[in-house]
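What follows is each chain in one-letter form.
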Amino acid sequence: MSRSIPKLTLSEKINKAHAFYTGHGPGCPPVTNRKQKQDLTEKHMELRWNTIRKYLKIKEGLHEDLLPYLDKKGKDKLSQGLALKLIGLVWNPEYQLEIFPVINSMKNKVAIESVLDNTEC
């Protein structure tokens, strides 16, 4: 009887990549050189650096309470694209959390336009 290893959710992948890159994950070698960190993280995660870089940006910029929404299905799901746009447009994670219930029910394009309208001075 073979056991299959359960796939990681997107939020678990993001947390794992961040932990490994920052040196806080299990089996992380003590490396300070950025290129070595990139190479080791790519090898450990079996992902390309561009994907890992997006994961790191999401982990560092998105409110932690919004991470589980990346794993949801259907209308409750927060897409990576919208998460990255939200980070770029709304730097304050507390405000991200405040406006998320409003934009969550919208399609991505409409949600981005709504965020733009509500964040302009």
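Quick note: structure is the one above.
Residues numbered from 1 in each chain as written. Predicted model: local features only at pLDDT ≥ 70, side-chain atom pairs only at ≥ 80, totals over all residues. Heavy atoms only, no water.

### A short note on the pattern of salt bridges
Turning to step 1, where the next piece is worked out: For the structure on display, the rule yields 1 salt bridge.
Turning to step 2, where the next piece is worked out: Across the pair Asp39 and Lys35 runs a salt bridge whose closest N-O atoms are separated by 3.0 Å. Here Lys35 and Asp39 lie together in helix α2 (residues 34–45), a separation of 4 residues that amounts to about one turn.
Turning to step 3, where the next piece is worked out: A relative accessible area of 48% places Lys35 in the partly exposed class. (Salt bridge = Lys/Arg side-chain N within 4 Å of Asp/Glu carboxyl O. Helix = DSSP H or I, 4+ residues; strand = E, 2+ residues; numbered from the N terminus. Buried < 20%, exposed > 50% of the residue type's maximum accessible area, 1.4 Å probe, protein only.)

### Brief notes about helix α3 (residues 49–61)
Turning to step 1, where the next piece is worked out: With 13 residues, α3 extends 18 Å from end C-alpha to end C-alpha; this agrees with the ideal 18 Å at 1.5 Å per step.
Turning to step 2, where the next piece is worked out: Close packing links the buried residues of α3 with α1 (10–22), α2, α4 (80–89) and α5 (93–104). (Expected span 1.5 Å × (residues − 1). Contact = heavy atoms within 4.5 Å.)

### So, the packing of aromatic side chains
Two measures describe an aromatic ring pair: the distance that separates the ring centres and the angle between the ring planes.
Turning to step 1, where the next piece is worked out: What the rule picks out here adds up to 2 aromatic pairs.
Turning to step 2, where the next piece is worked out: Between Tyr21 and Trp49 the ring centres are 5.5 Å apart and the planes differ by 40 degrees, which places this aromatic pair in the tilted class. On the criterion of sequence distance, the pair formed by Tyr21 in helix α1 and Trp49 in helix α3 is long-range, its members being 28 residues apart. As far as burial versus exposure is concerned, Tyr21 and Trp49 are alike and both buried.
Turning to step 3, where the next piece is worked out: Stacked on the ring of Tyr21, the Lys or Arg Lys37 has its end atom at 5.3 Å from the ring centre.
Turning to step 4, where the next piece is worked out: The aromatic ring of Tyr69 is capped on one face by Lys72, whose charged end is 5.4 Å from the ring centroid. (Phe/Tyr/Trp six-rings, centres within 6.5 Å; stacked < 30°, edge-to-face > 60°. Lys NZ or Arg CZ within 6 Å of the ring centre and 35° of its normal.)

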